[in-house]
Protein chains: 2
Amino acid sequence: MEPFTPRQNAVLECALQLLVAGGERALTTAGLARAANCSKESLYKWFGDRDGLLAAMITYQASKVRTPGPRDSMPTLDDFSRSLAVFAEDLMGVLAGEVSLALNRLAIGQADRDGAQLGALVREHGRLPIETRARALLELGRRHGYLKFSDTHEAYETLYGLVVRDSHVRMLLGEPPAGLSDDRPQRARLAISQFFRLYGHGAQDIE
Amino acid sequence: MEPFTPRQNAVLECALQLLVAGGERALTTAGLARAANCSKESLYKWFGDRDGLLAAMITYQASKVRTPGPRDSMPTLDDFSRSLAVFAEDLMGVLAGEVSLALNRLAIGQADRDGAQLGALVREHGRLPIETRARALLELGRRHGYLKFSDTHEAYETLYGLVVRDSHVRMLLGEPPAGLSDDRPQRARLAISQFFRLYGHGAQDIE
DNA sequence: AAATTCGTGTACCGTACGGTACGGTTCCGA
DNA sequence: TCGGAACCGTACCGTACGGTACACGAATTT
């Protein structure tokens with residue numbers, strides 16, 4: 001089930017390190033072979049070509065992240081609200097991670113090549129797990145009567161927008177992390193508070 | 001005051017076209033010289049080097065966009081709400097534009113080089129004008145009693161998040177425009193409606 | 001022990017691209 | 001009419017990088 005051998009994982013880890021340190025230009029096959037103490041021929045044997053290597057880096061990184069499924073017992077409203085806040089902080093933390101930023105930059109920079117295959121990989125392995133986890137959480141809240149919405153997708157997108165705002169793109173553009181981590185828990189609380197005012201128990205339907 | 005001559009503007013326009021059509025790889029100095037019927041020597045004379053050319057493309061594109069200052073007369077709440085919706089639709093339209101996407105991809109892809117100078121240019125010439133226009137609009141609404149907030153920046157970021165959500169990054173990653181333009185006015189209305197429920201006249205303070 | 005497999009290290013090739021140099025042409029001002 | 005500036009087209013250079021080939025060593029198999 002593991003798509004890569006431990007040796008290949010080590011090489012991919014090294015590749016991620018190079019990418020984070022110096023961007024895409026620093027990730028050359030010769031440089032990776034030197035840094036990882038392997039041969040270029042092995043790289044091409046394992047990953048096909050450079051694009052295959054980049055794709056492998058994304059799937060490998062995704063394989064490292066485990067999304068904790070929430071245990072279904074969520075009695076009090078306070079617990080549920082706290083779970084939402086944890087999700088919000090996790091989301092901000094993931095998006096602000098340097099490996100995530102580097103891979104997103106890589107995929108965005110290559111979005112014109114090959115029909116955005118890297119972008120599709122990032123969406124599938126990076127964003128989709130987050131979304132499914134969040135949707136499960138939201139529907140759990142609705143089942144317990146803490147939330148009120150008809151369109152789960154709309155509720156999720158609203159939550160995402162309230163939490164992330166445009167900070168992700170700003171970080172991708174290289175904005176120094178001055179306003180990025182300014183009190184992440186504080187920002188999470190604000191976002192969750194706003195979300196509850198839109199989709200909380202007592203909220204009215206829209207339109 | 002115009003930083004470039006008409007001839008140089010024409011060349012930059014051609015460069016943008018190349019960038020949109022084929023991504024960064026398609027934007028070579030030789031290719032641009034051929035497409036724009038100019039010599040490589042002129043390119044280097046005008047823009048210094050390739051990075052100077054990229055920077056010039058961003059400032060040139062920014063110079064094309066004029067941000068309509070709202071006339072200060074904004075009597076009814078309905079007018080103001082409509083102005084917010086117009087802003088929201090404009091924002092979505094700009095971010096979904098292929099030139100904007102191409103330039104953002106370019107700046108993000110180069111965010112590791114030279115301290116993210118291109119990213120800084122995009123933020124300064126692309127995002128800042130939008131933000132100032134929106135802040136003026138928001139404060140106008142507050143002055144007329146339609147909105148209620150203490151932190152303009154927070155209100156603006158919330159509005160941005162409600163309108164854009166994560167669609168910008170998804171588009172940057174190359175997601176096909178299936179869900180992007182799905183009834184843009186509808187999405188704008190929803191976002192503005194949500195925004196009014198958070199910062200509208202009768203809204204309570206947060207926390 | 002021989003052979004097969006796997007991987008390293010290195011050398012090599014082709015090419016694409018950034019940047020420079022130069023000859024020829026057009027245009028404009030003196 | 002002359003001189004110079006600007007610019008085009010092209011040819012050229014150096015280099016960096018993706019990809020391939022090959023020789024040698026180590027481990028595993030038979």
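Each remark here, short or long, concerns the structure printed above.
Now for a description of the structure that goes with this document. (Residues numbered from 1 in each chain as written. Chains lettered and ligands numbered in written order. Predicted model: local features only at pLDDT ≥ 70, side-chain atom pairs only at ≥ 80, totals over all residues. Heavy atoms only, no water.)

1. Observations regarding the pattern of salt bridges
Then step 1. For the coordinates displayed, the defined rule picks out 22 salt bridges over all chains.
Then step 2. Notably, a salt bridge pairs Asp166(B) with Arg127(A), separated by 3.3 Å at the nearest N-O pair. Of this pair, Asp166(B) sits in the loop between helix H8 (152–164) and helix H9 (167–172) while Arg127(A) sits in helix H7 (residues 117–143), each in a different chain. Note on accessibility: Asp166(B) and Arg127(A) belong to one class, buried.
Then step 3. Across the salt bridge formed by Arg170(A) and Asp166(A), the nearest N and O atoms sit 2.7 Å from each other.
Then step 4. Given a relative accessible area of 6%, Asp166(A) falls into the buried group.
Then step 5. When salt bridges that share partners are traced, they join Arg123(A), Arg127(A), Glu157(A), Asp166(B), Arg170(B) and Glu175(B) into one network. (Salt bridge = Lys/Arg side-chain N within 4 Å of Asp/Glu carboxyl O. Helix = DSSP H or I, 4+ residues; strand = E, 2+ residues; numbered from the N terminus. Buried < 20%, exposed > 50% of the residue type's maximum accessible area, 1.4 Å probe, protein only.)

2. Looking at the relation of the copies chain B and chain A
Then step 1. Rotating chain B by 180° about the axis while translating it 0.0 Å along that axis superimposes it on chain A, leaving an RMSD of 0.0 Å. On the angle and the small slide along the axis, the relation comes out as a two-fold axis.
Then step 2. Comparing contact sets, 100% of the residues at the interface of chain B also lie at the interface in chain A, consistent with an isologous, same-surface contact. (Least-squares fit on C-alpha atoms with pLDDT ≥ 70 in both. Contact = heavy atoms within 4.5 Å.)

3. A short note on the packing of helix H1 (residues 6–22) of chain A against helix H6 (residues 98–109) of chain A
Residue and element names in this part refer to chain A.
Then step 1. Running from N to C, H1 and H6 cross one another at 80°; their axes reach a closest spacing of 9 Å. Between H1 and H6, the angle falls in the class roughly perpendicular. From H1, Leu16, Leu19 and Val20 reach across to H6, where they touch Glu98, Val99, Ala102, Leu103 and Leu106.
Then step 2. Class assignment for the residues of the contact of H1 with H6 results in seven nonpolar, no polar and one charged. (Axes fitted to C-alpha atoms, helices over the stretch in contact; angles between N-to-C directions. Parallel < 35°, antiparallel > 145°, perpendicular 65-115°, else oblique. Nonpolar A, V, L, I, M, F, W, Y, C, P; charged D, E, K, R; others polar.)

4. Section: a negative patch on the surface
Residue and element names in this part refer to chain B.
Then step 1. A grouping of Asp49, Asp51, Asp112 and Asp114 is seen on the molecular surface, where their side chains present a negatively charged patch.
Then step 2. Here Asp112 shows up in the loop between helix H6 (98–109) and helix H7 (117–143).
Then step 3. On the basis of relative accessibility, which here comes to 34%, the residue Asp112 falls in the partly exposed class. (Patch = residues over 30% accessible without salt bridge, like charges linked within 9 Å, V, L, I, M, F, W, Y side chains within 5 Å. Areas by Shrake-Rupley, 256 points an atom, 1.4 Å probe, with all protein chains shown as cover. Lys, Arg positive; Asp, Glu negative; His and termini not counted. Charge placed at Lys NZ, Arg CZ, Asp CG, Glu CD.)

5. Observations concerning the protein's contact with DNA strand C
Then step 1. DNA strand C sits among 15 residues. The nearest are Arg7(A), Ser42(A), Lys40(B), Glu41(B) and Arg50(B).
Then step 2. Residue Arg7(A) places a side-chain N or O atom 2.5 Å away from a phosphate oxygen belonging to DNA strand C.
Then step 3. Here a base oxygen of DNA strand C sits 2.5 Å away from a polar atom, N or O, in the side chain of Lys40(B).
Then step 4. Considering every element that reaches the surface near DNA strand C, the biggest residue donor is helix H3 (residues 40–47) of chain A, with four residues.
Then step 5. Tallied by class, the residues present in the surface near DNA strand C amount to three nonpolar, five polar and seven charged. (Near = heavy atom within 4 Å. Polar contact = N/O pair within 3.5 Å; in protein donor to acceptor, adjacent residues only side chain to side chain.)

6. A closer look at the interface of chain B and chain A
How large an interface is tends to be reported as the accessible area lost when its parts come together.
Then step 1. In this complex, chain B contributes 45 residues to the contact, which on the side of chain A involves 45 residues.
Then step 2. When the two sides are added together, the surface that chain B and chain A hide from each other amounts to roughly 3900 Å², 57% of it contributed by carbon and sulfur.
Then step 3. If you sort the residues of chain B by the area they bury against chain A, Ile108(B), Leu173(B) and Arg197(B) come out on top, with a joint share of 19%.
Then step 4. The tally of links from chain B across to chain A stands at six salt bridges.
Then step 5. The shortest N-O distance in the salt bridge between Arg123(B) and Glu175(A) comes to 3.2 Å. (Buried area = accessible area lost by both parts, 1.4 Å probe.)

7. Here's the deal with the protein's contact with DNA strand D
Then step 1. What surrounds DNA strand D is a group of 15 residues, the closest being Lys40(A), Glu41(A), Arg50(A), Arg7(B) and Ser42(B).
Then step 2. Within 4 Å of the protein, the contacting atoms of DNA strand D are drawn from sugar and phosphate to the extent of 55%.
Then step 3. For DNA strand D, a phosphate oxygen lies 3.1 Å from a polar atom in the backbone of Thr29(A).
Then step 4. Within the contact set of DNA strand D, a base oxygen lies 3.3 Å away from a side-chain nitrogen or oxygen of Glu41(B).
Then step 5. Contributing elements (two or more residues each) for the surface near DNA strand D: H3 of chain A together with helix H3 (40–47) of chain B.
Then step 6. It is H3(B) that contributes the most residues to the surface near DNA strand D, four residues altogether.
Then step 7. Considering only residue class, the surface near DNA strand D consists of three nonpolar, five polar and seven charged.

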